[in-house]
Amino acid sequence: MPSGGIVATHVRRSFGDVHAVRDVSLHAPPGKVTGLVGPNGSGKTTLLLMLSSLLAPDAGEIRVAGIDPVAEPQRARGVIGWMPDALGAWGSLTVRETLVTTGRLYDLPRDDAAARAESLIDLLDLRALAASPARVLSRGQKQRLGLARALVHDPRVLLLDEPASGLDPESRVHLRLLLRRLADEGRTILISSHILSELEELVDDAAFLIAGESVSADRVAASAQRGRYWRVRVAGGEMVAAQGAIAAALGRTDVTGDRAGVLVAFASETDAAAGLAAIVGAGIAVAEFAPSTGRLEQTLLDLREGTVAPPAIVEDTQTTGEGDR
Ligand SMILES: Nc1ncnc2c1ncn2[C@@H]1O[C@H](COP(=O)(O)OP(=O)(O)OP(=O)(O)O)[C@@H](O)[C@H]1O
């Protein structure tokens with residue numbers, strides 16, 4: 001069993017007939033931001049609740065910074081910062097009062113709790129809202145308060161459920177930089193999300209959950225290696241003509257397209273590079289050539305389907321490319 005950070009071994013939890021978590025093993029090491037990736041209902045929140053000592057597993061072993069949250073929940077809570085997907089309770093308390101009260105619940109002396117609240121208000125950019133009651137905050141502002149609350153007792157481990165949801169682009173960049181800094185200080189960070197484009201930019205590594213089961217590292221590596229769709233955008237080109245020209249350049253009939261470009265599946269990056277050379281060699285003015293999905297999204301699609309799944313079509317496939325004219 002690996003030590004340090006978060007370690008789960010064959011963890012299981014059912015609710016009556018619903019097997020929310022069937023068999024999950026994972027390791028989130030200190031100093032890294034680890035993503036917990038899975039479709040809706042795959043058991044992410046149930047697992048996070050067990051890791052954070054708020055729900056008992058039916059079977060399996062959990063260690064968080066070396067502590068067993070089942071045997072020693074209070075000790076575990078002392079090292080864990082938990083941010084649920086929705087900020088619960090205390091709507092009438094202000095942002096400042098929420099943080100001071102949380103600090104007091106973690107046994108911080110009054111002055112320390114007040115000082116900690118002020119530094120977290122600055123860290124999470126909540127100064128203008130410090131005296132506002134929590135109930136008037138927007139979803140994104142509540143997310144920031146939720147993260148501040150999770151950090152009150154300077155935890156070594158952070159468990160974050162959908163932390164980026166509701167954040168505008170600037171706040172997402174801020175979150176990414178903050179989480180990187182917290183990880184660089186040696187903290188263990190586990191973040192769940194099903195919005196993979198958000199997670200992609202935040203995490204060092206990812207653990208995948210499918211139908212309550214963790215996916216082995218070998219299977220994830222194999223899925224990540226498999227082919228994917230690439231999107232080609234031709235400079236000033238008209239889409240239908242570009243699609244035909246690219247199909248001819250590649251000698252293929254399975255080339256499709258959408259409003260954002262022409263879509264071609266390649267089995268590997270090497271094949272994609274050779275395909276790009278063939279397209280450029282045929283005199284086609286390529287303005288963009290990139291994978292049509294992010295790495296995490298592609299891996300998850302592959303794990304679920306067992307095949308290269310076609311990407312989401314941006315708009316109807318037989319567009320005349322009005323935007324290009
Ligand atoms: N308290 C509960 N009682 C009964 N069923 C539950 C309970 N909590 C979760 N479940 C069920 O367990 C399964 C896993 O739910 P969970 O919330 O852990 O998934 P998730 O991966 O976090 O989903 P999402 O991405 O939608 O938040 C779902 O089928 C859910 O309906």
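Please read these numbers as outputs of a predicted model, since none were measured by experiment. (Residues numbered from 1 in each chain as written. Predicted model: local features only at pLDDT ≥ 70, side-chain atom pairs only at ≥ 80, totals over all residues. Heavy atoms only, no water.)

Draft legend 1. Structural context of the packing of aromatic side chains. Tallied over the entire structure, the rule returns 2 aromatic pairs. Geometrically, the ring pair formed by tryptophan 230 and phenylalanine 289 is stacked, given 5.2 Å between the ring centres and 25 degrees between the ring planes. Of this pair, tryptophan 230 sits in strand 10 (residues 228-234) while phenylalanine 289 sits in strand 13 (residues 286-291), and the two are 59 residues apart along the sequence. On the basis of an interplanar angle of 55 degrees and a centroid distance of 6.3 Å, the ring pair of phenylalanine 266 and phenylalanine 289 is categorised as tilted. Note that phenylalanine 266 is positioned in strand 12 (residues 261-266) and phenylalanine 289 in strand 13, a separation of 23 residues in sequence. Taken as a pair, phenylalanine 266 and phenylalanine 289 share a single burial class, namely buried. What links up through ring pairs into an aromatic cluster is the set Trp230, Phe266 and Phe289. One Lys or Arg, arginine 252, reaches over the ring of phenylalanine 266 and ends 5.5 Å from the middle of that ring. (Phe/Tyr/Trp six-rings, centres within 6.5 Å; stacked < 30°, edge-to-face > 60°. Helix = DSSP H or I, 4+ residues; strand = E, 2+ residues; numbered from the N terminus. Buried < 20%, exposed > 50% of the residue type's maximum accessible area, 1.4 Å probe, protein only. Lys NZ or Arg CZ within 6 Å of the ring centre and 35° of its normal.)

Draft legend 2. Geometry of helix 4 (residues 110-123). Along its 14 residues, helix 4 runs 20 Å from first to last C-alpha, staying within 8% of the 20 Å computed at 1.5 Å per residue. Taken as a whole, helix 4 has its buried residues at Ala113, Ala117, Leu120 and Ile121. Along the axis of helix 4, the buried positions cluster into a sector of 105 degrees, meaning they face one direction only. The elements touched by buried residues of helix 4 are helix 3 (95-105) and helix 5 (139-150). Positive phi shows up at aspartate 125, right after helix 4, with a value of about 60 degrees. (Expected span 1.5 Å × (residues − 1). Arc of directions from axis to C-beta. Contact = heavy atoms within 4.5 Å.)

Draft legend 3. Representation of the site of the ligand in the model. Around the ligand, a shell composed of Phe15, Val18, Ala20, Pro39, Asn40, Gly41, Ser42, Gly43, Lys44, Thr45, Thr46 and His194 is seen. Note that an oxygen atom of the ligand is positioned 2.9 Å from one of the side-chain N or O atoms of asparagine 40. Threonine 45 is positioned with one of its side-chain polar atoms (N or O) 2.8 Å from an oxygen atom of the ligand. Summarising the interface, the protein chains cover 60% of the accessible area of the ligand, which totals 640 Å² for the free molecule. If one sorts the elements of the shell around the ligand by residue count, helix 1 (residues 44-51) sits on top with 3 residues. A breakdown of the residues in the shell around the ligand according to their chemical character gives 4 nonpolar, 7 polar and 1 charged. (Near = heavy atom within 4 Å. Polar contact = N/O pair within 3.5 Å; in protein donor to acceptor, adjacent residues only side chain to side chain. Areas by Shrake-Rupley, 256 points an atom, 1.4 Å probe, with all protein chains shown as cover. Nonpolar A, V, L, I, M, F, W, Y, C, P; charged D, E, K, R; others polar.)

Draft legend 4. Broad picture of the pairing of strand 12. Most of strand 12 is tucked away: 5 of the 6 residues are buried. Taken together, the 5 bridges between strand 10 and strand 12 define a ladder with antiparallel strand orientation. By the bridge assignment for strand 12, tyrosine 229 is matched with alanine 265. As paired strands, strand 11 (residues 256-258) and strand 12 are joined by 3 bridges and run antiparallel to one another. Pairing of threonine 256 across the sheet is with leucine 263, part of strand 12. Joining the antiparallel neighbours strand 11 and strand 12 is a turn of 2 residues. (Pairing = 2+ DSSP bridges.)

These results come straight from atomic positions and should not be treated as a statement about function.
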